[in-house]
Structures are given as C-alpha cells and as structure tokens.
Amino acid sequence: MRQFLRHIALAWLVLPGDAGAHDWYTGKTDPVLHYDCCGGKDCHPINSNDVRMTKDGYFVRMPRPASLNESQEPEWFIPRERVQTSPDDQYHICERLMTFYRTIVPHLRFETYYRFRWTCFFAPTGTGSIQSD
C-alpha cells in the first residue's frame with residue numbers, strides 16, 4: 001500500500017499541471033479552523049453536478065478509488081461558515097490523503113489506514129450559501 005501511495009505522489013509531481021491557473025489557492029486558509037488549504041496539488045475544481053446546496057451548507061459527492069484500504073465517505077458536508085468565495089464560476093475543493101491508526105484487539109498493535117479529508121471549499125459568487133464577512 002505504501003508503494004502505491006508513493007506512485008500516486010510521484011504521478012502528481014510528474015504530470016504537467018495548470019499550476020499557474022490555480023495559484024490563487026496559495027495562502028488561503030480555512031475560515032474557521034485556520035488550516036492551510038493547499039499543500040501543493042491538494043486543491044482542484046469539481047463538477048457542479050457533484051455539489052448540492054442546502055440552507056446550512058453544501059453536500060459534495062467525491063467518488064474514490066477502491067484501491068484504498070478503507071472505504072471512503074461517498075459525500076462530504078461542508079458547513080456554510082467554512083465556504084469561501086471562488087474567483088471563477090466553478091466549485092473547488094482542497095483535500096488531503098491522511099493517515100490514521102487504530103488499535104487491533106486482542107493483539108494491541110496498530111493498523112494504518114488512509115482516508116481523504118477536505119480542508120477548504122470554494123463556491124462561485126451568488127450561490128447564496130457563502131458566509132458574509
């Protein structure tokens with residue numbers, strides 16, 4: 001599994017990207033938790049068909065590869081107070097593959113598993129669910 005993740009990381013570094021088009025992610029932080037949004041290639045536009053707005057925020061559908069050792073949440077909820085304005089007419093999400101550990105009983109040893117977690121979410125102006133400053 002570790003080798004697989006290294007190959008994914010290497011592919012992100014080698015593939016030509018549109019870094020110039022998304023420089024605006026740099027320096028952005030979550031408005032509530034104050035975490036950095038982007039750690040390189042963590043942020044990307046998402047299809048508006050995968051976003052559902054509610055009065056309290058957004059539900060974002062994020063399909064994941066079955067190759068990870070832990071099933072991933074099929075949908076994330078982004079609360080209204082954590083939504084930021086997108087500079088274009090697209091939705092964007094920043095997410096990271098994070099490592100977690102759990103204890104296996106009765107052996108009292110740790111098992112590693114990986115899950116994607118979102119860090120920042122950007123919505124187009126005028127969508128109605130962006131927190132006012």
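Residues numbered from 1 in each chain as written. Predicted model: local features only at pLDDT ≥ 70, side-chain atom pairs only at ≥ 80, totals over all residues. Heavy atoms only, no water.

Peer 1: It is not clear to me how the overall build of the protein should be interpreted in this structure. Could you clarify?
Peer 2: Counting secondary structure elements, the protein contains one helix and seven strands. In sequence order, the secondary structure elements of the protein are arranged as α-β-β-β-β-β-β-β. Here the protein holds 133 residues, and 32% of them are scored as buried. Long-range contacts, defined here as pairs at least 24 residues apart, represent 63% of the contacts in the protein between residues at least 6 apart. Approximately 8700 Å² of the protein is accessible, and the part contributed by carbon and sulfur atoms is 54%. (Helix = DSSP H or I, 4+ residues; strand = E, 2+ residues; numbered from the N terminus. Buried < 20%, exposed > 50% of the residue type's maximum accessible area, 1.4 Å probe, protein only. Contact = heavy atoms within 4.5 Å. Areas by Shrake-Rupley, 256 points an atom, 1.4 Å probe, with all protein chains shown as cover.)

Peer 1: Explain the side chain of Ser86 here, please?
Peer 2: Looking at the secondary structure, you find Ser86 in the loop between β5 (83-85) and β6 (91-104). Relative accessible area serves as the criterion here: at 3%, Ser86 is assigned to the buried category. For Ser86, the side chain forms a polar contact with the main-chain oxygen of Gln90, separated by 2.9 Å. Apart from the residues lying within four places of it in its own chain, the contact partners of Ser86 are His92, Phe122, Ala123, Pro124 and Thr125. (Polar contact = N/O pair within 3.5 Å; in protein donor to acceptor, adjacent residues only side chain to side chain.)

Peer 1: I would appreciate a short explanation of the pattern of salt bridges in the present structure.
Peer 2: One side chain can pair with another of opposite charge once the charged atoms of both are near each other. Counting across every chain of the model gives six salt bridges. With its nearest N and O atoms 2.9 Å apart, the salt bridge here joins Asp42 to Arg96. Of the two residues, Asp42 sits in the loop between α1 (2-14) and β1 (43-46) while Arg96 sits in strand β6, which places them 54 residues apart along the sequence. (Salt bridge = Lys/Arg side-chain N within 4 Å of Asp/Glu carboxyl O.)

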